[in-house]
Amino acid sequence: MIHIIVWLCASICSAILYRMGGAAGYNTKFRDFGVPTIGLALLLIIYPHYGWKVLLSYVLTFGLYFGSMTTYWKKKGTDAYWYNWLFTGLGYSIAFLPFAIVTGHWVGFAIRTIIVVVATTLWSEKISNVVWEECGRGIITTITIPLLLI
């Protein structure tokens, strides 16, 4: 039960940090550092294995996750199209490749990748309110993390 509460709270925190990173008056680092920190903290809680390989995969995953938060795969000042959102979702997913390599959770990685890519693309294309759009992407990237353990 406590894991479910932590999972939901982490997802809500990610939504808030993701939005803050895109809102006027806030630095983008709220998103860039905040969402990966919450995501990796959640993963550490639900997958408490601390061997050096797993810990190294967490460090590499954090770096890739951070990098994926910094881009929408387009030039600054231009509109984002469906394929930009597809690459964005793919980036959020591929960030967990080091974790999948070390732990062997390939099925979960594949399932999460498909869900995150499709959900990020559809959500970003269909939601026109920027606040809800960014909050949704923040939730999508974190709420799907437990799928990695399948």
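Cut-off values and rules
- Residues numbered from 1 in each chain as written.
- Predicted model: local features only at pLDDT ≥ 70, side-chain atom pairs only at ≥ 80, totals over all residues.
- Heavy atoms only, no water.
- Axes fitted to C-alpha atoms, helices over the stretch in contact; angles between N-to-C directions.
- Helix = DSSP H or I, 4+ residues; strand = E, 2+ residues; numbered from the N terminus.
- Parallel < 35°, antiparallel > 145°, perpendicular 65-115°, else oblique.
- Contact = heavy atoms within 4.5 Å.
- Nonpolar A, V, L, I, M, F, W, Y, C, P; charged D, E, K, R; others polar.
- Expected span 1.5 Å × (residues − 1).
- Buried < 20%, exposed > 50% of the residue type's maximum accessible area, 1.4 Å probe, protein only.
- Arc of directions from axis to C-beta.

Where helix α1 (residues 2-20) meets helix α2 (residues 29-46), the closest approach of the two axes is 8 Å, and the angle between their N-to-C directions is 170 degrees. Accordingly, the angle class assigned to the pair α1 and α2 is roughly antiparallel. Residues H3, V6, W7, A10, C13, S14, L17, Y18 and M20 of α1 pack against F30, R31, G34, V35, I38, L42, I45 and I46 of α2. The residue inventory of the contact of α1 with α2, partitioned by class, reads 13 nonpolar, three polar and one charged.

Here the focus is the environment of I101. With respect to the secondary-structure elements, I101 resides in helix α5 (residues 97-103). For I101 and S124, which are 23 residues apart along the polypeptide, the C-alpha to C-alpha distance reads 29 Å.

The next thing to look at is helix α3 (residues 52-69). Over its 18 residues, α3 runs 26 Å from end to end, which matches the ideal 26 Å to within 8%, given 1.5 Å per residue. Buried within α3 we find V54, S57, Y58, T61, Y65, S68 and M69. Along the long axis of α3, the arc covered by the buried residues comes to 105 degrees, so they all point the same way. Facing away from the buried side of α3, by more than 90 degrees, are the exposed residues W52 and V59. Contact partners of the buried residues in α3: α1, α2, α4 (82-94), α5, α6 (106-126) and α7 (130-143).

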